[in-house]
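Residue-level structure breakdown
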Amino acid sequence: MELRQPVVVVLGHADSGKTSLLDKIRGTAVQAREVGGITQHIGASFFPIDTIKEVTGPLYDRLAKSETPIPGLLVIDTPGHEVFANLRMRGGSAADIAIVVADVNKGFEAQTIESIEILKKRRVPFVVALNKVDRVTGWRPFSRFISEEAKKQSADVQTMLDEKIYTVVGSLSRLGFPSEAFWRVKDFTKEIAIVPVSARTGVGIPELLAVLVGLTQQFMGKRLERHEGAARGLVLEINEEPGLGPSANIILLDGTLKQGDSIIVAKRDSAVQTRVKALLLPKPLDEMRDPRDKFKPVSEVTAAAGLKVTSPDLEGVLAGSPLYVFDKAKGEDELERLRSIVEGEIKNAIVSTETSGVILKCDTIGSLEAIIDLLKKESIPIRTADIGSITRRDIIEASAVRESDRYHGVVLGFNVKVLDDAEREAQDRSVKIFNERIIYNLVRSYVDWVTYQKE
Ligand code: GTP
Ligand code: MG
Ligand code: NA
């Protein structure tokens, strides 16, 4: 039995140190080159098992050893800034396992909680990296192993670290997860392991990786077995590549993708079939968003991997779309089957009713699903929910709802454009549009508006 690379997503609040942590392991400095030090795209890089063994040293045998080792980890970096909820969602839905990064001095913040809720919903196991221990007042560096370094701190500093860990244990418990500092965890399947680390000094990174690899190798074997079946992946984003035309950054989750393969992906109104022109792979330990070396053109790629695909008909393909390889030998029935799976995923996300409720427009499949969930939690009825700009038709529909239902005759938009004629129509009919780039603000500002109207 051979295992594929587990897909590890790194999630957490803005500036908790996600990119810095990965940089420390890769030995690169992606973070320093980012505009404003903010991650704005999903990145992926491959960490070979030999690199992991080097970093973990003697801990590998103690925490991670296995009869069937993984070939490495495919690590996905995500933005922590609140506007990028859709990217966190996409990362979360591709992951086998996750690292949630939190700042030790700040504890759990808004997007830490949002991240854990995404993982909970998708049933993705995770470990918590409690980053920036070097910033705990009075902390002194001694070692690259946190269990050694923690014991050598003064009594006061040790107490302070313990208090910070217990604050996080409390936050996790409120989210429904039992947890412990990893050195006190008895059963890694029952308790979330908390690993104090520093992306600055590197302390704790060996333990973090050993716990992570241990979890995947000991408890995820079945899920990670390589499949003979059709290749499958996820579209992260569509870019215009100079000289190449439209290209897709994708994560290949299963199987092998070859040059010339016929792939099925989703556009707004239907699934499309297109041919893979080129496959471009970042080097091991390189970051897909900001590679040090040029991407290498390859003739095939085996899962799991982050890569760029070019193809003639990618324009309009939805970020968050599933991707399937169509094996022509299997004939038209197979093509129909894959088309209906792909179209099913869009249709499942879209809501279209004749009932009374709000009109929702979002930028991606992931954000649409998330906001529908949030609205349901708040018991806010939905008339229609779709992907795309806010149009005149949306305003007319909201206006019709408002005749019988004052508070629900509104349009909610997340990260979308309001078309000019929609804007005019909204003014003529006095239809309220809520268009936000922050997922929680959207629901909150609508709810506040209703409360205010009722007073
Ligand atoms: P977003 O991608 O914007 O969500 O941020 P991020 O979570 O990737 O954090 P990033 O790596 O950009 O780090 C934010 C800031 O914290 C940078 O100035 C880092 O240098 C600093 N930083 C990260 N990790 C550590 C750490 O362990 N110790 C100290 N002292 N500073 C750190
Ligand atoms: Mg970052
Ligand atoms: Na940052």
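These numbers come from a predicted model, not from an experiment. (Residues numbered from 1 in each chain as written. Chains lettered and ligands numbered in written order. Predicted model: local features only at pLDDT ≥ 70, side-chain atom pairs only at ≥ 80, totals over all residues.)

In terms of helices and strands, the protein carries 15 helices and 22 strands. In terms of C-alpha radius of gyration, the protein reaches 23 Å, essentially the compact-globule figure of 23 Å for 455 residues. Along the longest, intermediate and shortest principal axes, the C-alpha atoms of the protein span 70 × 65 × 40 Å. Classification of the 455 residues of the protein by burial places 46% in the buried group. For the protein, contacts bridging at least 24 residues in sequence account for 73% of all contacts bridging at least 6. (Helix = DSSP H or I, 4+ residues; strand = E, 2+ residues; numbered from the N terminus. Rg over C-alpha atoms; globule rule 2.2 N^0.38 Å. Buried ≥ 20, exposed ≤ 12 C-beta atoms within 10 Å, placed from the backbone. Contact = placed C-beta atoms within 7 Å.)

This part takes up the sheet that holds strand S9 (residues 245-254). Here eight strands make up an open sheet; going across it, the order is S12-S11-S17-S8-S9-S16-S13-S14 and the pairing antiparallel. Of all the strands in the sheet, just strand S12 (271-275) and strand S14 (296-298) have a single pairing partner and so form its edges. Adjacent strand axes in the sheet meet at a mean angle of 40°, parallel and antiparallel pairs treated alike. Of the strand pairs in this sheet, strand S8 (residues 232-241) and strand S17 (residues 322-326) are connected by three bridges, and their pairing is antiparallel. By the bridge assignment, Gly233 is partnered in S17 with Leu323. (Pairing = 2+ DSSP bridges. Axes fitted to C-alpha atoms, helices over the stretch in contact; angles between N-to-C directions.)

Residues given the UniProt feature "binding site: GTP" (unreviewed entry) here are Asp77, Thr78, Pro79, Gly80, His81, Asn131, Lys132, Val133 and Asp134. Judged by maximum C-alpha separation, these annotated positions cover 58 residues in sequence and are scattered in space, the widest gap reaching 23.3 Å. With respect to the helices and strands, Gly80 occurs in the loop between strand S3 (72-77) and helix H5 (85-94). With sequence-adjacent residues up to four places away left out, Gly80 is seen in contact with Gly12, His13, Ala14, Asp15, Ser16, Lys18 and Gln111. Within the secondary structure, His81 is located in the loop between S3 and H5. Residue classification places His81 among the partly exposed positions, given that 19 C-beta atoms sit within 10 Å. (UniProt positions renumbered as here; feature names shortened; annotations may be inferred.)

Strand order in the open sheet made by the seven strands is S2-S3-S1-S4-S5-S7-S6, with mixed pairing throughout. Unpaired on one side and paired on the other, strand S2 (43-48) and strand S6 (179-181) mark the two borders of the sheet. Sheet twist, expressed as the mean angle between neighbouring strand axes with direction ignored, is 25°. Where strand S1 (residues 7-12) and strand S4 (residues 97-103) come together, five bridges link them in parallel fashion.

All right, on to the packing of helix H3 (residues 49-56) against helix H9 (residues 205-219) then. Contact geometry of H3 with H9 gives a least axis separation of 8 Å together with a crossing angle of 130°. What the angle tells us is that H3 and H9 run oblique. Here the hand of the crossing between H3 and H9 comes out left-handed. Only Ile205, Pro206, Leu209, Ala210 and Val213 of H9 make contact with H3, whose side of the interface consists of Ile52, Val55 and Thr56. (Parallel < 35°, antiparallel > 145°, perpendicular 65-115°, else oblique. Left-handed = near helix turned anticlockwise from the far one by under 90°.)

This paragraph deals with unusual backbone geometry. The linkage connecting Ala303 with the following residue, Ala304, adopts the cis geometry, with an omega of -5°. Counting through the fold element by element, Ala304 comes out in the loop between strand S15 (300-302) and strand S16 (305-310). Phi angles above zero are rare outside glycine, and Arg123 is one such case at about 55°. One can find Arg123 in the loop between helix H6 (110-121) and strand S5 (126-131). Overall, Arg123 belongs to the exposed group, with 6 C-beta atoms counted inside 10 Å. The backbone of Lys132 shows a phi angle near 70°, a positive value even though the residue is not glycine. Relative to the helices and strands, Lys132 resides in the loop between S5 and helix H7 (146-151). Judged by the 25 C-beta atoms lying within 10 Å of it, Lys132 falls in the buried class.

Right, let's talk about the nonpolar core for a bit. Among the nonpolar cores identified, the biggest contains 130 residues, and Val8, Ala98, Val127, Leu130, Val195, Val197 and Leu252 are the most heavily contacted of them. Per-element tally for this core: the top contributor is H9, with eight residues. (Core = buried A, V, L, I, M, F, W, Y, C linked by C-beta atoms within 7 Å.)

Of all the seven residues making up S4, seven are buried; the element is thus mostly covered by neighbouring parts of the structure. Alternating residues of S4 divide into Ile97, Ile99, Val101 and Asp103 and Ala98, Val100 and Ala102, and every residue in both groups is buried.

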